[in-house]
Amino acid sequence: MWARLRDDTGWRRAALALGLYLLTTSVYFACAARNTLTAHTPWNHFALLADAWLHGRLDLGHPPPAYAGNNDFASYQGRWYVTFPPFPSVLLLPAVAVAGSAERVRDGQIFLWLAGVGPAMLFLALERLRFTGRGGRSTRGNLALALLFAFGTVYFFTAEQGTVWFSAHVVAVALAALYLWAALDAAHPLVAGVALGLGFATRSPLLFAAPLFIFESLRVALRSPEAMAGEVRRSGERTELHRWWRRLDHGRVFRAWLWFALPVALVLGATLWHNAARFGDPFEFGYRFLTVGWRGRIEKYGLFDYHFLAKNLGVVLTSLPYRLEPPEPAPFQINAHGLALWVTTPLYLWLLWPRRFASLSLALWVTVAAVAVPTLFYQNTGWVQFGYRFSNDYAVFLFALLALGGRRFGALFTSAAVWSVAINAFGAVSFNRAGFARFYFQDHTQRELYQRD
């Protein structure tokens, strides 16, 4: 056993992943608010939904509990519903069944136990890149990247919350990392399909991560793997495309796609049935019936519209801390729309000039774009947040790109890494915490993004 752990084997990688899980989970618990550990969260929608299922209902059966402040519940035909994708509720079902009610379940603590799964699974995915000769990082480098993901991105503050919006990200990150691991080389089509399907049932944009598996399944099905087919040359394009098509093992592609699509189709079917059973329309998820102050803009523009693009891009790219002067209670404030992505994780700037650009890099970038673009047109910026939390949907793919880039991580990268960990640690211990409200600016109309003159 010890010899196996010393050698470069699956046992060693599994042991390192377990150690990474234990380390990250310990830190997440150490930074957690006391209430998260000892009581249910005020927005325990997933536990409430699990409790409704256990009572044979798709609606709550009663108005939302007073402690939830009627925050993000849907009202339809006199009944109240949880509209969030339901897979996290499936995970809470055993705990709610044993406890007897949603209020007796420490849902935030359960999601803290799950928070270390994503970074550990990301490490295994990066190791698969290295083991197959496609990633330029050592095991030590992959461990460093996994730790930077855990503590140097907005995932850190996300993992500490436990409430419905953030716990969905915790589960989705674990599923996205599992999908990345399974999709590389199209090694595990069924696992990739299960991860993607359940990812959709947790965070809907993850469904659009399918391009990575499609690309990988086509690449490994080429009868001439030494030729990097799939890249069609401009000269003689039709001839090259025809040759590429003939080299493809169509049976292998069909089998991979079948096993991949089957669980995705089952989850999609269950979701559509769930929608129809609640709202009479398989394509109605219930967001139109949310009892929120900005329901008017949803009715006017819909959930996705060009109207929201500028504001979302403003958050992702330009949102900075407000500088305050005495007698203000704090030297700076962070808008509740969140900080720009490059402020919280400047490591992403290294993606702009990779030393090498492999064909897998293109597949990953297409996947990132497919997942990210819908949220850029979404009616909500992610408010309320410390940093742009929707980036959690595609962050594992960005870290895979960092591993593939081949650029040496020198002193400047180390400085950026230290900054990333420091600023996200501040977010983890200050966001939504008593005593730190002075560091956050919150406009309940959601209209103010930049500091007033």
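Each chain has its residues counted from 1, running along the sequence as written. Totals for whole chains, interfaces and linings use all residues, but because this is a predicted model, local features are given only for residues with pLDDT of at least 70 and pairs of side-chain atoms are given and counted only at 80 or more. The basis for the side-chain values is all heavy atoms of the structure; hydrogens and waters are excluded.

Salt bridges are counted wherever a side-chain nitrogen of Lys or Arg sits within 4 Å of a carboxyl oxygen of Asp or Glu. Within this structure, the stated rule accounts for 9 salt bridges. When the shortest N-O distance is used, the salt bridge between R288 and E284 registers 2.7 Å. Under the relative-accessibility criterion, R288 is labelled partly exposed at 45%. The partner of E299 in a salt bridge is R295, and the shortest N-O contact between them spans 3.4 Å. Of the two residues, E299 and R295 are both situated in helix 15 (residues 295–301); the distance of 4 residues between them amounts to about one turn of the helix. Classification of E299 as exposed rests on a relative accessible area of 59%. Salt bridges linked by common partners bring D185, E216 and R219 together as one network. Three exposure classes are used, based on accessible area relative to the maximum for each residue type with a 1.4 Å probe and protein chains only: buried under 20%, partly exposed in between, and exposed over 50%. The numbering of helices and of strands both runs from the N terminus, where a helix is a DSSP run of H or I of at least 4 residues and a strand a run of E of at least 2.

A separate point is the layout of surface pockets. Grid points spaced at 1 Å and placed over the protein atoms alone form the basis of the search, with a cavity being a set where a 1.4 Å probe fits but cannot get out and a pocket an open set showing protein on both sides within 12 Å along at least five of seven lines. Lining residues have an atom within 4 Å of a point. Grid points are joined across faces, edges and corners, and a volume is the space filled by probe spheres set on the points. By volume, the largest pocket is sized at about 1,300 Å³. Broken down by secondary-structure element, the contributors of at least two residues to the lining of the largest pocket are helix 10 (164–183), helix 14 (250–279) and helix 18 (359–376). It is helix 10 that contributes the most residues to the lining of the largest pocket, 4 residues altogether. Under the grouping applied here, Gly and all other residues not named as nonpolar or charged are polar, the nonpolar ones being Ala, Val, Leu, Ile, Met, Phe, Trp, Tyr, Cys and Pro and the charged ones Asp, Glu, Lys and Arg. The residue makeup of the lining of the largest pocket, split by class, is 29 nonpolar, 17 polar and 4 charged. Looking at the second largest pocket, its volume works out to about 440 Å³. As for the second largest pocket, its lining consists of 17 residues, and the residues nearest its centre are V316, L317, L341, W365 and L398.

On to the nonpolar core, then. Only buried Ala, Val, Leu, Ile, Met, Phe, Trp, Tyr and Cys residues count toward a nonpolar core, and they belong to the same one when joined by side-chain atoms within 4.5 Å. The biggest cluster of nonpolar side chains holds 126 residues, and the ones touching the most others in it are Y28, Y179, L180, L212, L364, Y394 and F397. The dominant element in this core, judged by the number of residues it contributes, is helix 10, at 15 residues. Any two residues whose heavy atoms approach within 4.5 Å are treated as being in contact. Sequence-distant contacts of L212, that is, excluding residues within four places in its chain, are made with Y179, L180, A183, L360, A363, L364, T367 and F397.

A separate point is the pairing of strand 4 (residues 332–335). A strand pair is defined by DSSP finding two or more bridges across the two strands. Bridging between strand 3 (residues 322–323) and strand 4 involves 2 bridges; their strand directions are antiparallel. Along strand 4, the bridge assignment pairs R323 with F332. The sheet contact formed by strand 4 and strand 5 (residues 440–441) spans 2 bridges and is parallel. Residue I334 lies in a different strand from strand 5, and its bridge partner there is Y440.

What follows concerns the packing of aromatic side chains. For this analysis, a ring pair means two rings from Phe, Tyr or Trp (six-membered ring only for Trp) whose centres lie within 6.5 Å, classed as stacked if their planes differ by under 30 degrees, edge-to-face if by over 60, and tilted for the remaining angles. Counted according to the given criterion, the structure contains 38 aromatic pairs. Considering the side-chain rings of F149 and F399, the 5.5 Å spacing of their centres and the 85° angle between planes classify their relative orientation as edge-to-face. Of this pair, F149 sits in helix 8 (residues 139–152) while F399 sits in helix 19 (residues 395–404), and the two are 250 residues apart along the sequence. You'll find F149 and F399 in the same group, each marked buried. Judged by centre distance (6.1 Å) and plane angle (35°), the rings of F436 and F439 are tilted. Residue F436 is classed as partly exposed on the basis of its relative accessible area of 27%. Residue classification places F439 among the buried positions, given a relative accessible area of 10%. Each residue in the set Y28, F149, F151, Y155, F156, Y348 and F399 is aromatic and connected to the rest through ring pairs, giving one cluster.

This paragraph deals with empty space enclosed by the protein. Counting across every chain of the model gives 4 cavities of 30 Å³ or more. Looking at the largest cavity, its volume works out to about 90 Å³. Residue lining of the largest cavity: 14 residues in total, with W350, L351, P354, L401 and G405 positioned closest to the centre. Residue assignment for the lining of the largest cavity shows that the elements contributing at least two residues are helix 18 and helix 19. The biggest single contributor to the lining of the largest cavity is helix 19, with 3 residues.

Attention shifts here to the sheet that holds strand 4. If you trace the 3 strands from one edge of the open sheet to the other, you get 3-4-5, paired in mixed fashion. Two strands close off the open sheet at either side, each with one partner strand: strand 3 and strand 5.

Take Q385: it is sitting in the loop between helix 18 and helix 19. Two N or O atoms form a polar contact when they lie within 3.5 Å of each other; inside protein one atom must be a possible hydrogen donor and the other a possible acceptor, and for residues adjacent in sequence the pair counts only when both atoms belong to side chains. At 2.9 Å, the side chain of Q385 forms a polar contact with the backbone nitrogen of R389. Not counting the four nearest positions on each side in its chain, Q385 is found in contact with F157, V315, N335, A336, H337, G338 and F431.

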